[in-house]
Amino acid sequence: MVRTPRQDAPGRFHHIYNRAARRAVLFADKRDFRYFKLLLACAVRRGELDIHGYCLMSTHFHLLAASPDGRISYTMMRIQNAYARYRNRRNRQDGPVFRGRFGSRPTTSFVYWVTLLRYLAHNPLEAGLCKHPFQYPHGSAMYFAAARSVRWFNKSGVTERLERSGAALHTSRDFAGLIRAPLTKGEAELIERRICLLY
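### What to know about helix α1 (residues 30–45)
- Its 16 residues place the ends of α1 22 Å apart at the C-alpha level, agreeing with the 22 Å of an ideal helix rising 1.5 Å per residue.
- Within α1, the full set of buried residues consists of Asp32, Phe33, Phe36, Lys37, Leu39, Leu40, Ala41 and Ala43.
- Close packing links the buried residues of α1 with β2 (50–56), β3 (60–66) and α2 (72–91).
- Capping of α1 at its N-terminal end is provided by Asp29; its side-chain oxygen lies 3.2 Å from the backbone amide nitrogen of Arg31.
- Residue Gly47 follows α1 closely and has a positive phi angle near 80°.

As structure tokens, then:
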């Protein structure tokens, strides 16, 4: 079957997502989460990714990221292959770890970009893993309620884009309020309809 080429222009943000094969567990414990984050950090250090948002769940992951040189496919293939080798080695098994080729959808408007940031932040709440977006330890939302962030997550890039947009969300505190507001049914449906998340 012919694959649809990705619209991977340099610097264009995408919603990137994938889940475990057979709807199994992808991240079983802190060690798994930490290793996947390390792979993301290495990709950022190599200049392959610019990450504006992420959420790692036990069975799947979401990223809001751009490739400065337009090579998301290469970068994500490298990350997923490395993580699959790690998981198979750790669990003394073989076979596919991911469901298949990762999904990606271009984030073509500022409104969609903001909606996606909110969707990623509320994903753990919808799953009943926490009561507040800032409480979840494996997502980027927590950094908007904290003074510090990790180097590989581009928190300043998020706030700078908000400032350039002219939106009245010029500080981390303002954006924290936006994240805190409940996700509407329409916002969730917008994202899920576009990425066919119910797969």
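### As for the environment of Gly53
- Residue placement: Gly53 occurs in strand β2.
- By relative accessible area, Gly53 is classed as buried at 0%.
- Sequence separation between Gly53 and Thr115 is 62 residues; the distance between their C-alpha atoms is 11 Å.
- Each residue touching Gly53, except ones within four places of it in the same chain, is listed here: His62, Leu63, Leu64, Leu117, Leu120, Ser140 and Phe153.

### With respect to the packing of helix α3 (residues 110–126) against helix α4 (residues 155–165)
- One way to put it is that α3 packs onto α4 with a least axis distance of 12 Å and a crossing angle of 145°. The element α3 and its partner α4 pack so that their crossing is left-handed. Listed contacts from α4 to Phe110, Trp113, Val114 and Leu117 of α3 are Val158, Arg161, Leu162 and Ser165.
- Of the residues belonging to the contact of α3 with α4, the class tally is six nonpolar, one polar and one charged.

### Brief notes about the confidence of the model for the protein chain
- Per-residue confidence for the protein chain gives a mean pLDDT of 88; residues scoring 70 or more make up 90%.
- At the low end of the mean pLDDT range in the protein chain sits helix α5 (residues 172–180), at 70; at the high end sits α1, at 98.

### Some details on the packing of α1 against α2
- Interaxial distance between α1 and α2 falls to 10 Å at its minimum, and their mutual angle equals 150°. In terms of orientation, α1 lies roughly antiparallel with respect to α2. Where α1 crosses over α2, the two elements pack in a sense that is right-handed. Here α1 contributes Arg31, Asp32, Tyr35, Phe36, Leu39, Leu40 and Ala43 to the contact with α2, which in turn contributes Thr75, Ile79, Ala82, Tyr83, Tyr86, Arg87 and Arg90.

### With respect to the pattern of salt bridges
- Within the structure shown, the criterion is met by seven salt bridges.
- Here Arg46 ties to Glu48 by a salt bridge, and the two come within 3.1 Å at their closest N and O atoms.
- Here Arg46 falls in the partly exposed class, since its relative accessible area comes to 38%.
- Overall, Glu48 belongs to the buried group, its relative accessible area being 8%.
- A salt bridge links Glu187 to Arg118; the shortest N-O distance between them is 2.7 Å. Note that Glu187 is positioned in helix α6 (residues 185–195) and Arg118 in helix α3, a separation of 69 residues in sequence.
- Classification of Glu187 by relative accessible area gives buried; the value is 17%.

Criteria and thresholds
Residues numbered from 1 in each chain as written. Predicted model: local features only at pLDDT ≥ 70, side-chain atom pairs only at ≥ 80, totals over all residues. Heavy atoms only, no water. Helix = DSSP H or I, 4+ residues; strand = E, 2+ residues; numbered from the N terminus. Expected span 1.5 Å × (residues − 1). Buried < 20%, exposed > 50% of the residue type's maximum accessible area, 1.4 Å probe, protein only. Contact = heavy atoms within 4.5 Å. Polar contact = N/O pair within 3.5 Å; in protein donor to acceptor, adjacent residues only side chain to side chain. Axes fitted to C-alpha atoms, helices over the stretch in contact; angles between N-to-C directions. Left-handed = near helix turned anticlockwise from the far one by under 90°. Nonpolar A, V, L, I, M, F, W, Y, C, P; charged D, E, K, R; others polar. pLDDT = per-residue confidence, 0-100. Parallel < 35°, antiparallel > 145°, perpendicular 65-115°, else oblique. Salt bridge = Lys/Arg side-chain N within 4 Å of Asp/Glu carboxyl O.

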